[in-house]
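# Tertiary structure, described
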Amino acid sequence: MSRYIPNTKEEQQGMLRDIGLSSIEDLFSDIPENIRLKKELELDNPLSEMELYDHMKNIASSNANLNEYSCFIGAGAYDHYIPVLVDHILSRQEFYTSYTPYQPEISQGMLQAIFEYQTMICELTGMDVANASMYDGATAVAEAASMASGITRRSKVLVASTVHPEYRQVLKTYSHFKGAQVVEVGYKNGLIDLEDMEKKTDTDTAAIIVQYPNFFGSIELIKEAGEIAHSKKALLIVCADPIALGMLEAPGKLGADIVVGEGQSLGNPLSFGGPYLGFFAAREKYLRKMPGRIIGQTVDNLGRRAFVLTIQTREQHIRREKATSNICSNQALNALAAAVYLTVMGKQGIREVAELCLQKAHYAYDSLIETKKFKPAFSTPFFKEFVVISESPVSEINKKLLGHKIIGGYDLARDYPELKGGWLVAVTEKRTKQEIDNMTKKAGVVI
Amino acid sequence: MRDNPLIFELSKPGRKAYSLPCCDIPLKDVKDVIPEDCLRKDSALLPEVGEIDAVRHFTNLSLRNHGVDSGFYPLGSCTMKYNPKINEDVARLDGFMKIHPYQSDDSAQGCLEILYKTGEMLAECTGMDKVTLQPAAGAHGEMTGLMIIKAYHESRGDTDRNVIIVPDSAHGTNPASAAIAGFNVIEVKSNEQGNVDIDALQSIMSDKVAGLMLTNPNTLGLFERDIEKISKIIHDAGGLLYYDGANANAIMGISRPGDMGFDVVHLNLHKTFSTPHGGGGPGSGPVGVKKDLVPFLPVPIVDADCDNERYFLDYNRPQSIGRVKSFYGNFGVVLKAYAYIKSLGADGLLAASQTAVLNANYIMNKLKEYFELPFDRKCMHEFVLSGQKQKEKGVSTLDMAKRLLDFGYHPPTIYFPLIVKEAIMIEPTETESRETLDEFILAMIQIAEEAENDPQKVKGAPYNTVVVRLDEAGAARNPVLRWRG
């Protein structure tokens, strides 16, 4: 027996006898002979704990990890500092080995933590209500678009081409199958083209989707987009970077109706793209159209404060095909990480992290421009990420940098062919002056 | 235990739990680089606490939560098996945790290898040809699989197939996912043995049917004995067969969906493959398909150049349904499932399923004289009792579930599947000892006796928990969804 099955073969025989059977095989008599597997599964021999650890370590060592490499790539996933406390809390079995808190009497810990998370997301975004998490930023955008269609009973959404390319792809997949239309809005000097947006917004437009800061790192024209949306009674959906919200005005104050985003930056490791979390917040009047789990405060029969899954009549287990979404499992543990992160950073820390990112990104930008091998792509204000145009192919620069143990920026030409040589560089609070100087020096002599 | 204050209620201006290095570069005036109206006027009201306050707060919260390591968790359909510790450790290796998703393929060969090989192993376990690991959870996998089915029909010019059939015993996510993928849903009823009613299925077939979603064993824990007939009916009508893998813990190494006639399969790595449920997530819902459907899988696909032992991401797939998630799925979860399969091998997986089924049958047999058993036949990895007998004494299934809390158990799934009145759905999994099962059986028998002799005791439960029953209706009527100072 494997180490994860406590009962011995003899004990199992005893159990079988107890229920009047003679062999394990007897339990499977309902499975027709034709469809039984006649062979053993073709898998490698089992590994002991010791062998498994070595095996995994071996595979892990063929990756370039960011403890040894200096990271200047972002594009939707960021190398922010994670206070050690986060993993200590996440490693508590009471949290990570539990399931969705269906039984509130023995799930108050997770319920209260997520209630606190909802509050923090409301605070950051300037919204009234937040849910308990979505799968990631991309699916949160797609669900927000679907929610806006439901609210407005309109079938078209406008999305800025300055929104993360993968988010737009996910949005298009979801929309295609629901029979909704997605129209892209162009950009000018790194920001949405307001004229193009105005032209494309009509009375069939359910929502306008913008990112803040946008995929280029530029601080997007949220207020202006909101005015255009609202003039046609469409909703404004803002996909925001939660770290930027430490210092940038809350989207709720700029006219947003739904605010979503990728929450990875809040205490979640990069982990090759997941698990992360999507955060999702909205104005109160849209509460009953929201997707996902929502935690509410109530009292128990003795009048004590307690927390519980609530407004569940929106959800799949009750409404089935009429539910606001099909989501069941979410990213609760990642939301807990976000809550612990935001608790540790607190009111001052989140602002300080944001300012460090801003300062370091600007220092790196100036340094790269000084090398004269890079030209500015845009002249718009940016936060922790920016675009420069390189004379030599981005792939060559990145290859060279990798040799110096530096992970270079994102090659924009992949999604924006017009931005040939476009290099999207991210600088978080973790990068030191020495690392930035080293990177700009190495990048500056590539040719 | 006393009420646990909210973290916001512990907050004191000026306290902090963080430390950051000094800025080592020349500073700019923020107002010179960011227009003033873009700057935040009011700080987000996040808590201000010291590090020890934060540690105690979340530690205290954890003590108000029940996990698999705390005690038995027979939550039907959720497969709350033991989550091996070594898998947590290997997932935290720097070489996995500190890898950026956009690093070049060359610098992330280890991650790509894990994704590729997990896909191959899951294909082998299910009898499918190719697997995508992009979906983040079971419901997300359902949506992805149904989109693939739609794309397949459309690619053949078969554009009128807009109906998905689901049994009346199906999980709520099935019809909800079908709606998201743009289908209409028709229910097919179950017969008196708890299986799909073949005549009823036959009568709703038409050239509008795109497919049937089936959980096998179904949500009653019963194997669909007529699966070959069902497969023929669906395929003869031009439809496809979708396998909901929520209950795959019953069949590993015993019978594969691919051999039963299924065309599309999703698995829940957080159920069958031992990855922790995380208090509600993250999960992972890989989707496997048969050869004809491979072109429609979401982009990117992880592929291997076997000659050079090199792994790469393939985006060039013109018939793909597109992307369903950013990056490549919940990599950190997939990693733990990989470690699990490597630890168990073929024998271990088979033993897991056999033991899970034995444990379920053992409990069922010991409880059937105390509770109504609507379908008295061999069950698979779970079974469904009815609390109807106790209901007649005024004690509901909810009351009995709450009473179980006093014994230190997480209760079974209740009131599901919808076709059983006062349903109690029990899934013990393979990782529990006989002693644990016996103690649970005794607790259930005691509760049945209490329902008979002292119903008020059960109706008043729980007594030993940090809070007692909640005003759930009040929570929904007057929603308080965030703290306000």
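Residues numbered from 1 in each chain as written. Chains lettered and ligands numbered in written order. Predicted model: local features only at pLDDT ≥ 70, side-chain atom pairs only at ≥ 80, totals over all residues.

We now examine the overall build of chain A. Counting its regular elements, chain A contains 13 helices and 17 strands. Each principal axis of the C-alpha distribution contributes one length, and for chain A these read about 80 × 55 × 50 Å. For chain A, with 447 residues in total, the buried portion stands at 62%. Taking as baseline every contact in chain A between residues at least 6 positions apart, the subset at least 24 positions apart corresponds to 72%. (Helix = DSSP H or I, 4+ residues; strand = E, 2+ residues; numbered from the N terminus. Buried ≥ 20, exposed ≤ 12 C-beta atoms within 10 Å, placed from the backbone. Contact = placed C-beta atoms within 7 Å.)

Counting its regular elements, chain B contains 16 helices and 12 strands. Here the C-alpha radius of gyration of chain B, 25 Å, is about what a compact globule of 485 residues would show, namely 23 Å. Expressed along its principal axes, the backbone C-alpha trace of chain B runs to roughly 75 × 65 × 45 Å. Counting all 485 residues of chain B, 58% fall into the buried class. For chain B, restricting intrachain contacts to residue pairs at least 6 apart in sequence, the fraction spanning at least 24 positions comes to 73%. (Rg over C-alpha atoms; globule rule 2.2 N^0.38 Å.)

All names here are of chain B. If you trace the seven strands from one edge of the open sheet to the other, you get 1-7-6-5-4-2-3, paired in mixed fashion. Sheet topology places strand 1 (130-132) and strand 3 (184-188) at the edges, where each strand pairs with a single neighbour. Strand-to-strand twist across the sheet, computed as the mean angle between neighbouring axes with direction ignored, equals 25 degrees. With three bridges connecting them, strand 1 and strand 7 (residues 287-289) associate as antiparallel partners. Bridging from a neighbouring strand, Lys130 pairs with Val289 of strand 7. On top of the sheet, helix 7 (residues 173-180) reaches strand 2 (163-167), strand 3, strand 4 (209-215) and strand 5 (240-245); it is set at about 175 degrees to strand 2, its chief contact. (Pairing = 2+ DSSP bridges. Axes fitted to C-alpha atoms, helices over the stretch in contact; angles between N-to-C directions.)

Residues and elements named next belong to chain B. Burial of the side chains of strand 12 (residues 423-426) extends over both faces: Ala423 and Met425 are buried on one face and Ile424 and Ile426 on the other. Pairing of strand 10 (residues 383-386) with strand 12, which is carried by four bridges, proceeds in the antiparallel orientation. Considered in strand 12, the bridge of Phe383 is made with Ile426. Sheet topology note: the strand 11 (residues 413-414)/strand 12 ladder contains two bridges and is antiparallel. Across the sheet, residue Thr413 finds its bridge partner in strand 12, namely Met425.

Once that is clear, we can look at the domain arrangement of chain A. Residue and element names in this part refer to chain A. With domains assigned, chain A is organised as domain 1 (9-60), domain 2 (70-81 + 347-444) and domain 3 (84-340). Placing a centre on the C-alpha atoms of domain 2 and another on those of domain 3 gives a separation of 27 Å. Across the contact, 25 residues belong to domain 2 and 21 residues belong to domain 3. Elements represented by at least two residues in the side of domain 2 that touches domain 3 include exactly helix 11 (332-370) and strand 14 (385-390). Its residues assigned to classes, the side of domain 2 that touches domain 3 comprises 15 nonpolar, four polar and six charged. (Domains from an automatic or database assignment. Nonpolar A, V, L, I, M, F, W, Y, C, P; charged D, E, K, R; others polar.)

A word on the confidence of the model for chain B. When pLDDT is averaged along chain B, the result is 97, and 100% of the positions lie at 70 or above. Model confidence for the complex is summarised by a pTM of 0.98, with the ipTM given as 0.98. (pLDDT = per-residue confidence, 0-100.)

Our next topic: the domain arrangement of chain B. Residue and element names in this part refer to chain B. Here chain B is described as being made up of domain 1 (7-62), domain 2 (86-343) and domain 3 (351-459). Here domain 2 and domain 3 have C-alpha centroids that lie 30 Å from each other. For the side of domain 2 that touches domain 3, the residue count by class is eight nonpolar, nine polar and one charged.

So, about the packing of helix 5 (residues 109-126) of chain B against helix 11 (residues 331-367) of chain B. All names here are of chain B. Following both chains from N to C, one finds helix 5 and helix 11 inclined at 45 degrees, their axes separated by 10 Å at the closest point. If you check the angle between helix 5 and helix 11, you find them oblique. Judged by the twist between their axes, the crossing of helix 5 over helix 11 is left-handed. Along the contact surface, helix 5 presents Cys111, Ile114, Leu115, Lys117, Thr118, Met121 and Cys125, while helix 11 presents Phe331, Val334, Leu335, Ala337, Tyr338, Ile341 and Leu349. In terms of residue class, the contact of helix 5 with helix 11 is built from 12 nonpolar, one polar and one charged. (Parallel < 35°, antiparallel > 145°, perpendicular 65-115°, else oblique. Left-handed = near helix turned anticlockwise from the far one by under 90°.)

Contact with chain B, which involves 169 residues of that partner, is made by 169 residues of chain A. A total of 22 residues in the side of chain B that touches chain A trace back to one element, the largest contributor, which is helix 11 of chain B. Of the residues that constitute the side of chain B that touches chain A, the class distribution is 91 nonpolar, 47 polar and 31 charged.

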